[in-house]
Amino acid sequence: MSKGGKRNPMPQQDAAARKKNFSEVALGYTEAQAIDEAERCLSCKKKPCVAGCPVNIDIPAFVELIKAKDYMGAAAELKKTNSLPAICGRVCPQEEQCEKLCVLGIKGEPVAVGRLERFAADYEAAHSSGSEAPKPENPELANYHVAVVGSGPAGLTVAGDLAKKGYSVTIFEALHKTGGVLRYGIPEFRLPRDILDREVSYVESLGVKIITNMIVGRTFRVEDLLNNGFDAVFVGTGAGAPKLMGIPGENLSGVYSGNEWLTRINLMRAHHADYATPIKVPKKACIVGAGNTAMDCARTAMRIGSQEVTIVYRRSRTEMPARAEEIENAENEGIKLMLLTNPKQFIGNEKGAVKAIECLRMELGEPDSSGRRRPVTIEGSEFIIEADTAIVALGQNPNPLIRTTTEGLATESWGGIIISPETGMTSIPGVFAGGDAVTGEATVISAMGAGKVAAEGIDGFIRGKHGLPS
Ligand code: FAD
Ligand code: SF4
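Residues numbered from 1 in each chain as written. Chains lettered and ligands numbered in written order. Predicted model: local features only at pLDDT ≥ 70, side-chain atom pairs only at ≥ 80, totals over all residues. Heavy atoms only, no water.

1. Some points on the nonpolar core
Consideration 1: With 69 residues, the main nonpolar core has Ile59, Phe62, Ile66, Ile87, Leu116 and Ile458 as its most contacted residues.
Consideration 2: If one sorts the elements of this core by residue count, helix H17 (residues 444–466) sits on top with eight residues.
Consideration 3: There are two domains that each give this core at least three residues, and those are domain 1 (15–127) and domain 2 (139–240 + 397–466).
Consideration 4: Not counting the four nearest positions on each side in its chain, Ile458 is found in contact with Val146, Val158, Leu162, Ala232, Phe234 and Phe432. (Core = buried A, V, L, I, M, F, W, Y, C linked by side-chain atoms within 4.5 Å. Buried < 20%, exposed > 50% of the residue type's maximum accessible area, 1.4 Å probe, protein only. Helix = DSSP H or I, 4+ residues; strand = E, 2+ residues; numbered from the N terminus. Domains from an automatic or database assignment. Contact = heavy atoms within 4.5 Å.)

Structure, rendered in structure tokens:
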């Protein structure tokens, strides 16, 4: 039972066992824990927590239904505004969103909204007879076609929302599998693939057609879609181009970007010896960066059998951008943190493979534009860390392919597509965009929120274009 303003802890797989497997770390609340946690909620009239939710879930309403043991009702309430609650309940940074605004957080711990969301979504999945797709609201809209480029959370959301309205929707996905970062980035031990598969099947059951292995910008361009029967196009291509360090030795074999490392393991299974281009299991892996991607890279390196895994970060623990829970999980799994340290160069052996990293010690100076204290190099502090694998996980920018092949598409200097925040429309009439392709690397729920805005924008655009009643 929760005591003294504290929330119910999340049951977890034991750290010693989980660091050797890819099974989910968090095991989910039992019914008794879920009810106990739901009973902590004060059902505040002003609902401050709702303002922190990017898709405006009526949090006290679904929590109230859990209190009343109406778990299916709770899941239905969640699905009114969030079509992927089992995913969001697992990966949303709730501590920065709804839970940050929960009144119980003023004197104690906030209600564990994310854990309750996961409980209700998992209960529904375990007790429903399959995904009953709702009938399209207006079957006549099937005459109008929308192309969605990319099958990440933004693309899946826009496709699902438009299919529910009645539109004919086709998703074009560059990879051989759907889901975007949900599949190739976030590891299975945080997001089991059966949960993702279930959500994608639901979108397909709404009538959405998915075509994989189709790189828009190569096989055909965005304007080809508009000229070949599509009334509107949504670009949800994410942010898949890694930011690199630009230091000597970055091209050595054994130096990966975070995205490449995770894609090769999560999507391609390159850690299995029978894979055509397997990766070498590191003896000493070193991850540069301290965001969620860095934590995922480190924990994945540990699970494929690395003997030693170290995270190198140029600031201190306070500035680490990863979720506190993920940092704690990583440390419990035996991952070391080397703080106030910055690589100067990667050092190779005679075969061109990385064998060590020359690093510099740092100290913290005045805050920079991000508000975090600026790391300052301590001159002459060079030292060497041994590493046969180095993973640079410093974030991603949008891939340039769409912007360089779509004439007239206005973008920011760093590559983000510029849109109208009200409709999601870009500088090209009929072309919409959302998610990381617009904001740079953000969150699953913000990508979904952008998908919702664009679905409404596309609906309005097509109705206007064809003189349909709104
Ligand atoms: P993506 O998920 O990137 O999907 C884009 C899709 O478009 C991909 O499938 C890609 O293959 C496809 N595509 C790209 N170019 C083309 C093209 N030319 N033609 C056709 N298809 C194309 N967020 C959280 O909220 N919680 C987390 O715990 C979390 N952990 C993360 C861990 C990692 C390792 C990473 C990298 C990110 C994490 N994020 C997390 C961020 C979150 O995953 C992203 O913000 C979110 O997935 C963005 O969704 P999206 O639909 O915009 O793009
Ligand atoms: Fe419940 Fe906290 Fe929201 Fe109040 S702020 S309704 S206590 S979750």
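Read on for the rest.
2. Regarding the sheet that holds strand E6 (residues 255–257)
Consideration 1: Read across the open sheet, the five strands follow the order E6-E14-E7-E8-E9; overall the sheet is parallel. Lying at the two open borders of the sheet, with one neighbouring strand each, are E6 and strand E9 (336–338). Taken over all neighbouring pairs, the strand axes of this sheet differ in orientation by 25° on average, direction set aside.
Consideration 2: Pairing geometry for strand E8 (residues 308–312) and E9, over three bridges, is parallel. The partner of Val312 across the bridge, within E9, is Met338.
Consideration 3: This element, helix H12 (residues 258–267), spans E6 and strand E14 (389–392) of the sheet and lies at about 90° to E6. (Pairing = 2+ DSSP bridges. Axes fitted to C-alpha atoms, helices over the stretch in contact; angles between N-to-C directions.)

3. Regarding the packing of aromatic side chains
Consideration 1: The tally for this structure, following the rule as stated, stands at eight aromatic pairs.
Consideration 2: With a centroid separation of 6.0 Å and 80° between ring planes, the pair formed by Phe172 and Phe230 is classed as edge-to-face. In this pair, Phe172 sits in strand E2 (residues 168–172) while Phe230 sits in the loop between helix H11 (222–227) and strand E4 (232–235), placing the two residues 58 residues apart along the sequence. This pair shows no difference in class: Phe172 is buried, exactly as Phe230 is.
Consideration 3: Pairing Tyr256 with Trp261 gives two aromatic rings, centres 5.2 Å apart and planes at 65°, and the pair type is edge-to-face.
Consideration 4: Assessed through its relative accessible area of 12%, Tyr256 is described here as buried.
Consideration 5: Linked through ring pairs, Tyr71, Phe119 and Tyr123 together constitute an aromatic cluster.
Consideration 6: A cation sits over an aromatic face here: Arg303 above Phe189, 3.8 Å from the ring centre.
Consideration 7: Stacked on the ring of Phe383, the Lys or Arg Arg361 has its end atom at 3.9 Å from the ring centre. (Phe/Tyr/Trp six-rings, centres within 6.5 Å; stacked < 30°, edge-to-face > 60°. Lys NZ or Arg CZ within 6 Å of the ring centre and 35° of its normal.)

4. Considerations on a nonpolar patch on the surface
Consideration 1: A cluster of nonpolar residues, Leu42, Val103 and Ile106, forms a patch on the protein surface that exposes about 310 Å² of accessible area.
Consideration 2: Among the structural elements, Leu42 can be located in the loop between helix H2 (31–38) and helix H3 (48–51).
Consideration 3: Leu42 sits in the exposed class, given a relative accessible area of 55%. (Patch = residues over 30% accessible without salt bridge, like charges linked within 9 Å, V, L, I, M, F, W, Y side chains within 5 Å. Areas by Shrake-Rupley, 256 points an atom, 1.4 Å probe, with all protein chains shown as cover. Salt bridge = Lys/Arg side-chain N within 4 Å of Asp/Glu carboxyl O.)

5. Here's the deal with the side chain of Ser168
Consideration 1: Relative to the helices and strands, Ser168 resides in strand E2.
Consideration 2: Residues within four places of Ser168 in sequence aside, it is in contact with Leu141, Ala142, Tyr144, His145 and Val146.

6. Re the site of ligand 1
Consideration 1: Val91, Glu173, Arg190, Val216 and Asp436 are the nearest of the 37 residues found near ligand 1.
Consideration 2: Between ligand 1 and Ala154 there is a distance of 2.9 Å, counted from an oxygen atom to a backbone nitrogen or oxygen.
Consideration 3: Between ligand 1 and Gly236 there is a distance of 3.5 Å, counted from an oxygen atom to a backbone nitrogen or oxygen.
Consideration 4: Two domains each donate at least three residues to the shell around ligand 1, and these are domain 2 (139–240 + 397–466) and domain 3 (244–394). (Near = heavy atom within 4 Å. Polar contact = N/O pair within 3.5 Å; in protein donor to acceptor, adjacent residues only side chain to side chain.)

7. A few points about helix H10 (residues 193–205)
Consideration 1: Between its terminal C-alpha atoms H10 stretches 18 Å, which fits the 18 Å expected from 13 residues at 1.5 Å a residue.
Consideration 2: Within H10, burial applies to Arg193, Ile195, Leu196, Glu199, Val200, Tyr202 and Val203.
Consideration 3: The inward-facing, buried residues of H10 abut helix H6 (85–91), helix H8 (153–165), helix H9 (181–184), strand E3 (209–211) and H12. (Expected span 1.5 Å × (residues − 1).)

8. Quick word on the packing of helix H4 (residues 59–67) against helix H7 (residues 113–127)
Consideration 1: Look at H4 against H7: their axes get within 11 Å of each other, and the N-to-C directions meet at 55°. Here H4 is positioned oblique relative to H7, judged by the angle of their axes. The handedness of the crossing between H4 and H7 is left-handed. Contacts between H4 and H7 involve Ile59, Phe62, Val63 and Ile66 on the former and, on the latter, Val113, Leu116, Glu117, Phe119 and Ala120. (Parallel < 35°, antiparallel > 145°, perpendicular 65-115°, else oblique. Left-handed = near helix turned anticlockwise from the far one by under 90°.)

Everything listed here is a matter of coordinates, which is why it stays silent on function.
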